[in-house]
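Here are the chains, one letter per residue:
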Amino acid sequence: MGNLAADASAAHPVLALDGITKTFPGVKALDSVRLHLFPGEVTALIGENGAGKSTVVKTLTGIYQPDSGQILMDGQPVQFPTAQSAADAGVTAIHQETVLFEELSVAENIYIGHAPRGAFKMIDRRKMRDDAARILTSIGAKIDPMVRLKDLGIASRHLVAIARALSIDARVVIMDEPTAALSQKEIEELYELVDHLKAQGKAILFISHKFDEIFRIADRWTVFRDGQFIGEGLMSEVDESDLVRRMVGRSVDQIYPKRAAVIGNEVLKVVGYSHATEFEDINFTLNRGEILGFYGLVGAGRSEFMQSLIGITRPTKGVTRVGGDICVIRSPADAVDAGIVYVPEDRGKQGAILDMPIFQNVTLPSLGRTSKNGFTRMAEEFALARTYTQRLDLRAASLDTPVGSLSGGNQQKVVIAKWLATKPRVIILDEPTKGIDIGSKAAVHDFMSELAAQGLSVIMVSSEIPEIMGMSDRVIVMREGRIAAELSGDALSPETLVRHAAGITAKGEAA
Ligand SMILES: Nc1ncnc2c1ncn2[C@@H]1O[C@H](COP(=O)(O)OP(=O)(O)OP(=O)(O)O)[C@@H](O)[C@H]1O
Ligand SMILES: [Mg+2]
């Protein structure tokens, strides 16, 4: 008889898309695609930046209406004219950029739109708080349901978004790059949560650019390319290079194109940087043309230190020297004046002006202060924007396109382009390729490497060992707010990185 459950589910997807097309002005985001989601199984949706993944999610949750095609639940055509109607049918999503409300409490954010009600249809606040606490606990989140969202960090906010999705008793759970903002421990907890949802028979759609994660979690795969359905199948029948080839349309050798660069004089020297709670006694130098990697587990204090270095937060102690001279940086504007720019990990917020065209976003900080005859200015802006966006493999219909209508990964490329275009002396890139597809990654790395060869100094915060190993001339490992090691040459290996980051001695004991 074989595997009865598998045979039965193969015959009956809970949810299916059939011939769905969605066009935006100038872009066919989805071109007659199909998709099948099965009970108790995880389907990974894989595709490059702009392939149409988030558009599918928005179509399935009533945010976008397809131009044509059908959505089927249990084989019956359904329509989701509103987000509410999709939720009522049991389809819920954790979006790539979830909209949450800063001023509301965690519990209110989880239950907004479907709060439990008691007598006289009044919101039952007590039940809301208790239910929120229960859901948060069930996903391993130690978050007080009564705190305001604005007091939470980005990882916790993400857990709130997950709790919100789970507060709706769903049959279909969609996760659009859910682990991008999470620490390793939270990622493990998310995987457990997914296993738990599978055991409850929910159908899960999982979107990620991380192949290790896809192989860990998914039962099936579906690939889209340029808004078209390319194929689907079982994870057990493919390997990573099969999927990459389908996704990119060619094979990709994931080699890091670091060029040998002449490393020059000291550009930046940081002495004794300390903060009340986040980091302690950070010392290092950065030289001209050097790429200095900062490795560590999420939460090691790397981003907090970088934010302090550029004046977003205040250190309690510490001196910065730029080109040998002491430099007091009290704000990001001071940092820019000193030639230091920071591209944060959370690019959504500090990143781009969404309703402004790509070319203006890219050139805003570099040409912002020049005043010129309108035509020259515009031509100059276009040329600058074209160079930088092409080198980062940005996919857009034109440079006039508003950034808000780009896919998530392409928005990130705009933000990176914009800061590189200021031609800084030092650029700090926090997780530069997070959310960027495997095909575009090499372009981003290649450009970084070329700019370093021209004399740019780069600090690259990354939690990805291949990226750190492949791109850095030298690596600083941080652990619990301190520098645990500085590694280069033969001392730099995946094992030493992990050991220092986790605080394990060579004998394998915890330090
Ligand atoms: N609201 C919109 N207006 C105009 N074009 C849009 C809009 N939303 C998406 N698009 C376009 O549709 C295409 C698909 O975008 P989508 O966000 O679905 O990509 P994605 O696969 O999720 O990519 P990523 O991996 O970068 O998140 C892109 O070309 C994008 O620019
Ligand atoms: Mg997306």
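All of these numbers come straight from a predicted model, not from anything done at the bench.

Counting secondary structure elements, the protein chain contains 18 helices and 20 strands. Whereas a compact globule of 511 residues would reach a radius of gyration of roughly 24 Å, the protein chain reaches 24 Å, a difference of no more than 12%. Principal-axis analysis of the C-alpha atoms gives the protein chain an extent of 70 × 55 × 55 Å. Taking all 511 residues of the protein chain together, 44% fall into the buried category.

Once that is clear, we can look at the site of ligand 1. The environment of ligand 1 is made up of 19 residues, and the closest members are Ala-29, Ser-54, Ser-405, Ser-407 and Gly-409. Looking at which domains feed residues into the shell around ligand 1, each of domain 1 (4–248) and domain 3 (353–416) supplies at least three.

Strand order across the open sheet formed by six strands is 6-7-8-3-9-10, with mixed pairing between neighbours. Strands with a single pairing partner mark the edges of an open sheet, and in this sheet they are strand 6 (91–94) and strand 10 (228–234). Adjacent strand axes in the sheet meet at a mean angle of 20°, parallel and antiparallel pairs treated alike. Of the strand pairs in this sheet, strand 7 (residues 172–176) and strand 8 (residues 203–207) are connected by five bridges, and their pairing is parallel. Each residue of the ladder has a partner; that of Val-172, found in strand 8, is Ala-203. Contacting strand 3 (42–46), strand 9 (220–225) and strand 10, helix 9 (residues 240–248) crosses the sheet at an angle of about 30° to strand 9.

Once the domains are mapped, the protein chain shows domain 1 (4–248), domain 2 (266–339 + 424–502) and domain 3 (353–416). For domain 1 versus domain 2, the separation of C-alpha centres amounts to 34 Å. Across the side of domain 1 that touches domain 2, the residue classes break down as three nonpolar, four polar and two charged.

On to helix 18 (residues 494–502). Burial in helix 18 covers these residues: Leu-497, His-500 and Ala-501. Projected down its long axis, helix 18 shows its buried positions confined to an angular sector of 100°, all on one face. Looking at the buried positions of helix 18, the neighbouring elements they touch are strand 13 (291–296), helix 17 (465–471), strand 19 (474–479) and strand 20 (482–487). Two residues or fewer after helix 18 comes Gly-503, characterised by a positive phi angle close to 75°.

Right, let's get into the pairing of strand 1 (residues 15–24). Bridge count for strand 1 against strand 4 (residues 68–73) is five bridges, and the pairing is antiparallel. Its bridge partner lying in strand 4, Leu-17 is registered against Ile-71. Pairing between strand 1 and strand 2 (residues 27–37): seven bridges, direction antiparallel. Note that in strand 2 the partner of Phe-24 across the bridge is Val-27. The loop that links strand 1 with its antiparallel partner strand 2 comprises two residues; one of these, Gly-26, has a positive phi angle of about 80°.

Bringing the packing of helix 5 (residues 125–138) against helix 6 (residues 154–167) into the picture now. When two helices pack together, you describe them by how their axes are tilted relative to each other and by the distance separating the axes. For the pair helix 5 and helix 6, interaxial distance at closest approach is 10 Å and the crossing angle is 115°. For the element pair helix 5 / helix 6, the angle class is roughly perpendicular. Seen along the crossing, helix 5 lies across helix 6 with a hand that is right-handed. Together, Ala-132, Ile-135 and Leu-136 of helix 5 and Ala-163, Leu-166 and Ser-167 of helix 6 make up the contact between the two elements. Taken together, the residues of the contact of helix 5 with helix 6 break down into five nonpolar, one polar and no charged.

Note: strand 13 against strand 19, five bridges, orientation parallel. Each bridged residue has a counterpart across the sheet, and for Gly-293 the counterpart in strand 19 is Val-475. Bridge count between strand 19 and strand 20: five bridges; the pairing is antiparallel. Within the sheet, the bridge partner assigned to Ile-476 lies in strand 20 and is Glu-486. Here strand 19 folds back onto strand 20, and the loop between the two strands holds two residues, one of which, Glu-480, carries a positive phi near 45°.

Another point: helix 6. In this model helix 6 runs 20 Å from its N-terminal to its C-terminal C-alpha over 14 residues, within 8% of the 20 Å that 1.5 Å per residue would give. With 12 of 14 residues buried, helix 6 lies mostly within the body of the structure. The set of residues buried in helix 6 consists of Ser-156, Arg-157, His-158, Leu-159, Val-160, Ala-161, Ile-162, Ala-163, Arg-164, Ala-165, Leu-166 and Ser-167. Close packing links the buried residues of helix 6 with strand 6, helix 4 (106–111), helix 5 and strand 7.

The rules we used
- Residues numbered from 1 in each chain as written.
- Chains lettered and ligands numbered in written order.
- Predicted model: local features only at pLDDT ≥ 70, side-chain atom pairs only at ≥ 80, totals over all residues.
- Helix = DSSP H or I, 4+ residues; strand = E, 2+ residues; numbered from the N terminus.
- Rg over C-alpha atoms; globule rule 2.2 N^0.38 Å.
- Buried ≥ 20, exposed ≤ 12 C-beta atoms within 10 Å, placed from the backbone.
- Near = placed C-beta within 6 Å.
- Domains from an automatic or database assignment.
- Pairing = 2+ DSSP bridges.
- Axes fitted to C-alpha atoms, helices over the stretch in contact; angles between N-to-C directions.
- Contact = placed C-beta atoms within 7 Å.
- Nonpolar A, V, L, I, M, F, W, Y, C, P; charged D, E, K, R; others polar.
- Arc of directions from axis to C-beta.
- Parallel < 35°, antiparallel > 145°, perpendicular 65-115°, else oblique.
- Left-handed = near helix turned anticlockwise from the far one by under 90°.
- Expected span 1.5 Å × (residues − 1).

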